Amino acid sequence: MLRQKDKTITDYLQNVEVMSKSTAFQYERRLKSFSNFSIHRYGQEVDLLIERIKKNELDVYEVLAAYANFLLDTGTISALTLKQWVATAKNLLEFYDIEISPKRLKVKLPRAIRRDKEALIKELIIDILNSIADIKLKTYVLLLSATGMRATEALSIRICDLSLNADPPKILVRGEYTKTKTDRYVLLTRELKAQLETYIVYKYRTRRTSHYNKETHRVVSVYRTPNKNEYDLLFSTGKSSHLRPLYNEMRKAFGQTLDRMGKGQREESPGVKRRKITLHSCRRWVKSTLSDLGLSDFGEWLIGHQGSTYYRRSEKEKAEIFKKVEPYLTYIDITSLDRRYGDTQSRIEELDELNQSLRQRDKMKDDAIGQLSDQLMALTVRLQEVEKKQRGY
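None of the values given here were measured: they were computed from a predicted structure. (Residues numbered from 1 in each chain as written. Predicted model: local features only at pLDDT ≥ 70, side-chain atom pairs only at ≥ 80, totals over all residues. Heavy atoms only, no water.)

**Student:** Which residues make up helix H6 (residues 122-131), and what values do they have?
**Tutor:** Listed as buried for H6 are Leu124, Ile125, Ile128 and Leu129. Within H6, the buried residues cover an arc of 135° as seen down the axis, which keeps them to one side. Facing away from the buried side of H6 by more than 90 degrees, the exposed set consists of Glu123 and Asn130. On its buried side, H6 packs onto helix H7 (135-147), helix H10 (243-261) and helix H11 (280-292). (Buried < 20%, exposed > 50% of the residue type's maximum accessible area, 1.4 Å probe, protein only. Helix = DSSP H or I, 4+ residues; strand = E, 2+ residues; numbered from the N terminus. Arc of directions from axis to C-beta. Contact = heavy atoms within 4.5 Å.)

In structure tokens:
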């Protein structure tokens with residue numbers, strides 16, 4: 001946590017938190033670094049640093065330039081992160097009416113290098129799902145891979161947000177946890193619906209708990225069934241509604257799964273610890289798949305982007321489109337896919353038999369027409385011979 005004396009930072013974070021708690025959390029991490037810089041470089045808290053800048057005792061542009069060099073000297077921060085952290089410090093100073101002109105800003109920041117993100121393929125997603133032993137993590141990764149939801153959006157889902165009996169099944173995503181701050185719903189595949197139902201039964205199953213009784217010096221075992229609360233978070237094991245610890249738990253478990261598979265390589269940029277494959281990769285996969293199918297606008301709608309203002313479809317039309325793309329977002333329900341594939345094959349075979357039958361009929365017609373043509377030619381020849389004989393008489 002930040003030092004209690006940094007009242008300016010605390011007040012600023014409270015103002016940011018009104019807009020977004022997640023943004024305030026990120027800003028707190030960044031401004032903690034700025035507070036450490038102020039102590040290291042000027043020997044005083046940020047409160048006093050801001051007062052000295054307002055009194056023109058310190059040049060604000062030199063302060064920001066020194067802060068950028070301070071971050072660079074750590075050697076453990078990427079160019080993009082450095083830009084974001086300096087921008088956050090700049091926003092803090094502007095919040096306290098310190099004017100900063102972009103033209104006069106002398107902070108020279110390194111250009112951020114954009115690394116090519118490794119693309120997921122369906123076979124790899126299937127391998128990852130089959131490698132996950134924990135039913136909670138498996139359900140979570142399948143949810144991301146079949147809907148393209150953001151990681152925190154999926155973690156914010158409650159039991160009461162599920163509409164598994166709808167056609168097609170869907171989930172309500174509350175606006176408090178979406179990037180656009182708008183309520184929306186996400187359609188679910190039949191495979192995902194079955195997985196969610198299985199997970200909910202498992203989550204509220206009767207289980208045995210044991211504890212040591214100090215008085216009897218014996219281990220006592222009791223069978224308990226958790227009370228099902230419709231407002232419980234789907235992936236939370238307790239009553240806590242905080243998403244950050246839950247996200248860290250899922251991210252760590254997902255990374256460990258990738259490491260076991262030999263797919264946990266990290267990006268090569270300095271200061272970047274992120275793996276090449278992350279939970280967000282599932283979102284990119286869904287969007288890319290739908291775009292390749294020629295459904296870019298539908299893909300934007302499904303993953304929760306604003307998209308084109310001209311794209312409008314009724315709920316029924318969206319459901320019909322989703323049913324067409326459902327096979328592309330199905331991963332481990334092989335039986336269902338084989339059954340649908342078998343039905344398709346049967347229809348193809350029926351159409352092929354019908355086509356062969358029609359061809360045989362056409363051939364029979366051609367043969368009959370040929371025979372009639374031959375007979376007509378023979379009759380024509382005979383008529384000509386009869387006419388010659390008549391002329392001879």
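**Student:** Lay out the packing of helix H1 (residues 7-19) against helix H2 (residues 21-42) with the relevant residues and their values.
**Tutor:** Their axes nearest at 7 Å, the elements H1 and H2 cross at an angle of 160°. Judged by the angle between their axes, H1 and H2 are roughly antiparallel. Regarding H1 and H2, the two cross each other, and that crossing is right-handed. Contacts between H1 and H2 involve Ile9, Tyr12, Leu13, Val16, Glu17 and Met19 from the first element and Lys21, Thr23, Ala24, Tyr27, Glu28, Leu31 and Ser35 from the second. Within the contact of H1 with H2, the residues separate by chemical class into eight nonpolar, two polar and three charged. (Axes fitted to C-alpha atoms, helices over the stretch in contact; angles between N-to-C directions. Parallel < 35°, antiparallel > 145°, perpendicular 65-115°, else oblique. Left-handed = near helix turned anticlockwise from the far one by under 90°. Nonpolar A, V, L, I, M, F, W, Y, C, P; charged D, E, K, R; others polar.)

**Student:** Requested: an account of the nonpolar core, with residues and values cited.
**Tutor:** If you look at the biggest cluster of nonpolar residues, it comprises 56 residues, and the most contacted ones within it are Tyr140, Leu234, Phe235 and Phe298. In terms of residue count, the dominant contributor to this core is H7 (eight residues). The residues contacting Tyr140, other than those within four sequence positions of it, are Ala151, Ala154, Leu155, Phe235, Met250 and Leu279. Formed by 32 residues, the second largest nonpolar core is a distinct cluster that contains Ile9, Phe37, Val63 and Tyr67. (Core = buried A, V, L, I, M, F, W, Y, C linked by side-chain atoms within 4.5 Å.)

**Student:** Outline helix H9 (residues 190-203), listing residues and values.
**Tutor:** Taking 1.5 Å per residue as the helical rise, H9 with its 14 residues ought to reach 20 Å, and the 20 Å between its terminal C-alpha atoms agrees with that figure. Taken together, the buried positions of H9 are Glu191, Leu192, Gln195, Leu196, Tyr199, Ile200 and Lys203. Taken end-on, H9 shows its buried residues confined to a sector of 165°, consistent with a single buried face. Tucked inside the fold, the buried residues of H9 contact H7, strand E1 (162-163), strand E2 (170-173) and strand E4 (207-213). (Expected span 1.5 Å × (residues − 1).)

**Student:** Requested: an account of the sheet that holds E1, with residues and values cited.
**Tutor:** Across the sheet, three strands lie side by side as E1-E2-E3; this open sheet has antiparallel pairing. Two strands in the sheet have a free side with no partner beyond their single neighbour: E1 and strand E3 (184-187). Pairing of E2 with E3 involves four bridges; the strand directions are antiparallel. Looking across to E3, one finds that Lys170 is bridged to Leu187. (Pairing = 2+ DSSP bridges.)

**Student:** Could you give me a rundown of unusual backbone geometry, with the residues and numbers involved?
**Tutor:** For residues that are not glycine, phi is negative in most cases, and the peptide bond is trans in most cases. Residue Pro168 is reached from Asp167 by a cis peptide bond, and omega for that bond is -5°. Mapped onto the elements, Pro168 comes out in the loop between E1 and E2. A positive phi angle, close to 65°, is found at Asn56, a residue other than glycine. Residue position: Asn56 is located in the loop between helix H3 (46-54) and helix H4 (60-74). Not every positive phi belongs to a glycine, and Lys181 is a case in point at roughly 55°. Looking at where Lys181 falls in the secondary structure, it is placed in the loop between E2 and E3.

**Student:** Help me get a handle on the packing of aromatic side chains, residues and values and all.
**Tutor:** Applying the stated criterion across every chain yields a total of twelve aromatic pairs. When the ring of Phe34 is compared with that of Tyr67, the centres are 5.0 Å apart and the planes differ by 80°; the resulting orientation is edge-to-face. One end of the pair, Phe34, is in helix H2; the other, Tyr67, is in helix H4, with 33 residues separating them in the sequence. Of the two residues examined, Phe34 and Tyr67, each falls in the buried class. Among the aromatic residues, those joined into a cluster by ring pairs are Phe34, Phe37, Tyr42, Tyr67 and Phe70. Above the ring of Tyr185, the side-chain terminus of Lys170 is found at 4.8 Å from the ring centroid. When the ring centre of Tyr202 is taken as origin, the NZ or CZ atom of Arg205, which lies over that ring, is 3.9 Å away. (Phe/Tyr/Trp six-rings, centres within 6.5 Å; stacked < 30°, edge-to-face > 60°. Lys NZ or Arg CZ within 6 Å of the ring centre and 35° of its normal.)

**Student:** Give me the side chain of Ser281: which residues, what numbers.
**Tutor:** Inspection of the secondary structure puts Ser281 in helix H11. Relative accessible area serves as the criterion here: at 2%, Ser281 is assigned to the buried category. In contact with Ser281, not counting residues within four places along its chain, are Leu120 and Lys276.

**Student:** Explain the pairing of E2 to me, and be specific about the residues and the numbers.
**Tutor:** On E2, burial follows the alternation: Ile171 and Val173 on one face are buried, whereas Lys170 and Leu172 on the facing-out side are not. One ladder, built from two bridges, connects E1 with E2; its direction is antiparallel. Bridge pairing links Leu162 to Ile171 in E2. Here E1 folds back onto E2, and the loop between the two strands holds six residues.

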